[in-house]
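Structural features, examined
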Amino acid sequence: MEKNRNKYNLSVREIDILYALWKAERPLLASEISEADEKLKLATVHTTLKRMLDKKVIEVADFVKSGNVFGRRYTPTITLQEFELNKLSSATSSLVSALPDNANNNFILEELNNLEQIIKEQKEKILKANGNPPQKPEEAI
């Protein structure tokens, strides 16, 4: 099974389960996770949930009666936004480090400047949304 490179070191199945939990917007039983995504079989979900608990990317939210037994309901410990930002950060790092040394340096510098401008604009939007004034260039990190 192919693994995605990310801070959380998650397999494709683990990521599928996280997306099912995020989409539901409520804690789910293993059987509900399996029903939410047809490629997730119940036995696979149970095995994968144990690994995800060890990695602390999910937690047991509560116990509920499911038929004649009590079942655990699971919830993610990371948000979709945190996960996606981590993927973006990893992809950006990989992209920048993969830039060839012998390529057109002017083109690479121009692209890096464009990326810096986009990052600067996003930082300003976030600061403004949080009620903070934009930083002066010498104050920026």
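Please refer to the structure higher up on the page.
Residues numbered from 1 in each chain as written. Predicted model: local features only at pLDDT ≥ 70, side-chain atom pairs only at ≥ 80, totals over all residues. Heavy atoms only, no water.

Attention now goes to a nonpolar patch on the surface. Together, Leu95, Val96, Leu115, Ile118 and Ile119 make up a nonpolar patch on the protein surface, roughly 420 Å² of accessible area in all. Mapped by element, the contributors of at least two residues to the nonpolar patch are α4 (80–97) and α5 (105–129). When residues of the nonpolar patch are assigned to their parent elements, the largest contribution, three residues, is made by α5. By secondary structure assignment, the location of valine 96 is in helix α4. Judged by relative accessible area, which is 36%, valine 96 ranks as partly exposed. (Patch = residues over 30% accessible without salt bridge, like charges linked within 9 Å, V, L, I, M, F, W, Y side chains within 5 Å. Areas by Shrake-Rupley, 256 points an atom, 1.4 Å probe, with all protein chains shown as cover. Salt bridge = Lys/Arg side-chain N within 4 Å of Asp/Glu carboxyl O. Helix = DSSP H or I, 4+ residues; strand = E, 2+ residues; numbered from the N terminus. Buried < 20%, exposed > 50% of the residue type's maximum accessible area, 1.4 Å probe, protein only.)

What follows deals with unusual backbone geometry. For glutamate 25, which is not glycine, the phi torsion reads 60° and is therefore positive. Within the fold, glutamate 25 resides in the loop between α1 (12–24) and β1 (28–29). One non-glycine residue with positive phi stands out, namely lysine 56, at about 65°. One can find lysine 56 in the loop between α3 (42–55) and β2 (58–66). We classify lysine 56 as exposed; its relative accessible area is 62%.

Going through the model one piece at a time under the given rule, you end up with six salt bridges. For the salt bridge of arginine 13 with aspartate 16, the shortest nitrogen-to-oxygen distance reads 2.8 Å. Taken together, the positions of arginine 13 and aspartate 16, both in helix α1 and three residues apart, correspond to about one turn of that helix. Arginine 13 gets classed as partly exposed once you look at its relative accessible area, which sits at 23%. Here glutamate 32 makes a salt bridge to arginine 26, at a shortest N to O gap of 3.4 Å. For glutamate 32, a relative accessible area of 22% gives the class partly exposed. You can call arginine 26 partly exposed: its relative accessible area is 40%. Here the salt bridges do not stand alone but share partners, grouping Glu14, Arg51 and Lys55 into one network.

With that settled, consider the nonpolar core. Of all hydrophobic cores here, the largest spans 20 residues; its most connected members are Ile17, Ile33, Leu49 and Ile58. Listing elements by their share of this core, those giving two or more residues are α1, α2 (30–36) and α3. With six residues, the single largest contributor to this core is α1. Ignoring any residue separated from it by four or fewer positions in sequence, one finds leucine 49 in contact with Ile17, Ala30, Ile33, Ile58 and Tyr74. (Core = buried A, V, L, I, M, F, W, Y, C linked by side-chain atoms within 4.5 Å. Contact = heavy atoms within 4.5 Å.)

Take the sheet that holds strand β3 (residues 69–76) next. If you trace the three strands from one edge of the open sheet to the other, you get β1-β3-β2, paired in antiparallel fashion. One side of each edge strand has no neighbouring strand; the edge strands of this open sheet are β1 and β2. Examined bridge by bridge, β1 and β3 share two bridges and lie antiparallel to one another. Bridging across to β3, leucine 29 finds its partner in arginine 73. Packed on one face of the sheet, α1 meets β1, β2 and β3 and runs near 90° to β3. (Pairing = 2+ DSSP bridges. Axes fitted to C-alpha atoms, helices over the stretch in contact; angles between N-to-C directions.)

Any functional reading would require information that these geometric values do not contain.
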